Structure formats: structure tokens, C-alpha cells
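An overview of the molecular structure
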Amino acid sequence: QLQLAESGGGWVQPGGSLRLACVASGRSFSDYQIAWFRQVPGKERAFVAVISQTGDLRNYADFARYRFTVSRDNSKATAYLQMNSLRSSDTAVYFCAAVRGCYSATLPPDSYTDWGQGTQVTVGS
């Protein structure tokens, strides 16, 4: 099992940037693909981005492509989500999630075995 902890959330004005971090502990971080999801009250968790075990493969939701960048540093057991040009519609709790096995860019949330507690991102003036 992998323990995950997100950080880096907060309040930012529209057009601003935030960098979220997902620090892992437990088993070998490099065995896991890492995804970011987000959730607003009353809605299901929505996929944001995913990165493969070695970091060479990435996939993004349409709303995140060209504004968000997912990355990882296996030596630090940490994944990142750089978010630029933030909009009010990006306001949500952001979660990182992990699963072992062959990389798949289209796994639904319930396929991920390990989750962080989430970090709140609020975009407002």
C-alpha cells in the first residue's frame, strides 16, 4: 500500500498558478502510475491528469490540456501538478491517486487503490 499526501493548495486569483505536490511513502513509488482527480461538492470525482511509472507517458482531461502539467520525481517519491491560467471553474478539492500495474490512461477513479486526503484549490477574485 502507498500512503499519499497532497499539499500546495490554496487561494489564487483567476489567471494565477499553483503547484500541487503528492508525496508518497510506503512501497516503491516507481511501481505506481499517479493520477490527479478533482471534486466539487455534489459531483463525482473528475479526472485531471495521469502520469506513467517512469514519467514518459502523460494524459490530460480536455480542460487541463495546455494549462496543467503533471510530472514526477521518483527519487523523491513525489508527483506534481503544475496549474497555470487558473479559472474559477478549477475550484475544487484535488486528490492524487496511485495504482500498480501496466500503465493505462483511462482508468476510472475506483480502479485506483491508494488516495491522498485532498487539497483545496480556490480560484476567485
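Anything mentioned here points back to the structure above.
Notes on the structure in this doc start here. Just so we're clear, the structure is a prediction, and the values are computed from it rather than from any experiment.

Bringing the sheet that holds strand 1 (residues 2-7) into the picture now. Taken in spatial order, the four strands line up as 1-3-8-7 in an open sheet, and their pairing is antiparallel. Single-partner strands in this sheet number two, and they are strand 1 and strand 7 (68-73). Pairs of neighbouring strands in the sheet enclose a mean axial angle of 15°, with direction left out of account. As paired elements, strand 1 and strand 3 (residues 18-26) share six bridges and run antiparallel to each other. In the sheet register, Leu2 faces strand 3, and the bridge partner there is Gly26.

Of all hydrophobic cores here, the largest spans 29 residues; its most connected members are Ile34, Trp36, Val48, Phe68, Leu81, Met83 and Tyr94. In terms of nonpolar packing, the next biggest core, distinct from the first, is built from six residues, Phe37, Ala97, Val99 and Tyr112 among them.

Attention now moves to the pairing of strand 9 (residues 92-100). The two faces of a sheet get side chains in turn, since along a regular strand they alternate between them. A large share of strand 9 lies buried, amounting to seven of its nine residues. Pairing geometry for strand 9 and strand 10 (residues 114-115), over two bridges, is antiparallel. Paired with Ala98 across the two strands is Asp114, which belongs to strand 10.

Another aspect to go through is the pattern of salt bridges. Here the structure, examined in full by the defined rule, presents four salt bridges. A salt bridge links Asp90 to Arg67; the nearest nitrogen and oxygen atoms lie 2.8 Å apart. Here Arg67 lies in the loop between strand 6 (58-60) and strand 7 and Asp90 lies in the loop between strand 8 (78-83) and strand 9, a separation of 23 residues in the sequence. On the accessibility criterion, Asp90 (0% relative accessible area) is buried. One salt-bridge network, held together by shared partners, links Arg38, Arg67 and Asp90.

Reading the values: rules and limits
Residues numbered from 1 in each chain as written. Predicted model: local features only at pLDDT ≥ 70, side-chain atom pairs only at ≥ 80, totals over all residues. Heavy atoms only, no water. Pairing = 2+ DSSP bridges. Helix = DSSP H or I, 4+ residues; strand = E, 2+ residues; numbered from the N terminus. Axes fitted to C-alpha atoms, helices over the stretch in contact; angles between N-to-C directions. Core = buried A, V, L, I, M, F, W, Y, C linked by side-chain atoms within 4.5 Å. Buried < 20%, exposed > 50% of the residue type's maximum accessible area, 1.4 Å probe, protein only. Salt bridge = Lys/Arg side-chain N within 4 Å of Asp/Glu carboxyl O.

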